[in-house]
Amino acid sequence: MLKKYMPYLISVLISLGTGGFSAFLTKDNMDIYSGIDRPPLSPPSWIFPVVWTVLFVLMGIAAALVWCSNGKEIDSALLFYGFQLVFNFCWSIIFFNFRAFLPAFVWLLILLVLIGITAAKFYKINKVAGLLLVPYFLWVSFAGYLNFMIWRLNP
C-alpha cells in the first residue's frame, strides 16, 4: 500500500522542499513587500505562503502522475518540470534578496514559458497532471502582473 503512494509522497516533498528552501533563503527580506509601493489587486502578504503551499502540492501530485505513467515523453516532461522548479526557486531570491525587480520580471516570464511547456508535456502524458498545473500558471501570471507593477512603481 505504501509503495503505491511513495512516488506521490516523494514528489510532493521535492516540490514543497524547493519552495520551502527558497522561502528560508528569502525570509529575512520578505518585509520589503510591505514597504514598497504595490499595485491595485495586491493581496496581503499572508496569502502568499498559503497559495504557494497549495500550488506546490498540486505540482508534486502532477509530477507523480507523470512519473507513474508509461510512455517515452516522461523523461522530457520531468526534465522541464525540474527546469521550472529551479526557475521558481531562483525567482524569489532575485526579487526579495537582490531587490532586482526588472530582472525578476524577465525571469518570471521565462518561468511562465517553462510552466506552459511543462503543462503541455504533462497533459500529453496524463490529462489530470497537465490540468493540475493550470492554477500554478495562472498564479504565476498574476505574480507577473504584481512584479511588473512593483518594478514600475518602485524605480
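Residues numbered from 1 in each chain as written. Predicted model: local features only at pLDDT ≥ 70, side-chain atom pairs only at ≥ 80, totals over all residues. Heavy atoms only, no water.

### Things to note about the environment of V54
The following threshold applies: The secondary structure listing takes helices from DSSP runs of H or I that are at least 4 residues long and strands from runs of E that are at least 2 residues long, numbered from the N terminus.
Mapped onto the elements, V54 comes out in helix α3 (residues 47-67). Taking the C-alpha atoms as reference, V54 lies 9.3 Å from L16; in sequence the two are 38 residues apart.

### Things to note about the environment of S76
So the rule is basically this: Between buried and exposed lies partly exposed: a residue is buried under 20% and exposed over 50% of the maximum accessible area for its type, with that area taken using a 1.4 Å probe on protein chains only.
Mapped onto the elements of the fold, S76 is located in helix α4 (residues 74-97). With a relative accessible area of 24%, S76 lands in the partly exposed category. Residues S76 and K121, spaced 45 residues apart in sequence, show a C-alpha to C-alpha distance of 7.9 Å.

### Section: a nonpolar patch on the surface
Filter applied, for reference: Here a patch means residues that are over 30% exposed by relative accessible area and free of salt bridges, tied together within 9 Å if like-charged and within 5 Å if nonpolar (Val, Leu, Ile, Met, Phe, Trp, Tyr). Exposure was quantified through the Shrake-Rupley algorithm and a 1.4 Å probe, taking into account, for residues, occlusion by the shown protein chains and nothing else. For salt bridges, the criterion is a side-chain nitrogen of Lys or Arg within 4 Å of an Asp or Glu carboxyl oxygen.
Nonpolar side chains collect at one region of the surface, where L2, M6, L9, I10, L13, I14 and W67 lie side by side and expose about 660 Å² of accessible area between them. For the nonpolar patch, the element with the most residues is helix α1 (residues 2-26), which contributes six residues. Overall, the relative accessible area of 44% leaves L9 in the partly exposed class.

### Here's the deal with the pattern of salt bridges
Counted under the stated rule, the structure contains one salt bridge. Between K27 and D28 there is a salt bridge whose closest N-O contact spans 3.7 Å. What makes D28 exposed here is its relative accessible area of 61%.

### Considering the side chain of T26
Stated precisely, the cut-off is as follows: For this analysis, a polar contact is any N or O atom pair within 3.5 Å, provided that within protein one partner can donate a hydrogen and the other can accept it, and provided that sequence-adjacent residues contribute only side-chain to side-chain pairs.
Looking at where T26 falls in the secondary structure, it is placed in helix α1. A polar contact of 3.0 Å, which involves the side chain of T26, links it to the backbone oxygen of S22.

### Quick look at the nonpolar core
Note the threshold: Put simply, a nonpolar core is a bunch of buried Ala, Val, Leu, Ile, Met, Phe, Trp, Tyr and Cys residues held in one set by side-chain atoms that sit within 4.5 Å of each other. We call two residues in contact when some of their heavy atoms are within 4.5 Å.
Grouped together as the largest cluster of nonpolar side chains are 39 residues, with contacts concentrated most on M59, F95, L111, F122, L133, Y136 and V140. Contributing elements (two or more residues each) for this core: α2 (32-35), α3, α4, α5 (101-125), α6 (127-132) and α7 (134-153). Excluding its chain neighbours within four sequence positions, the residues that come into contact with F95 are I32, A100, F101, A104, N147 and I150.

Any link to function would need more than the numbers given here.
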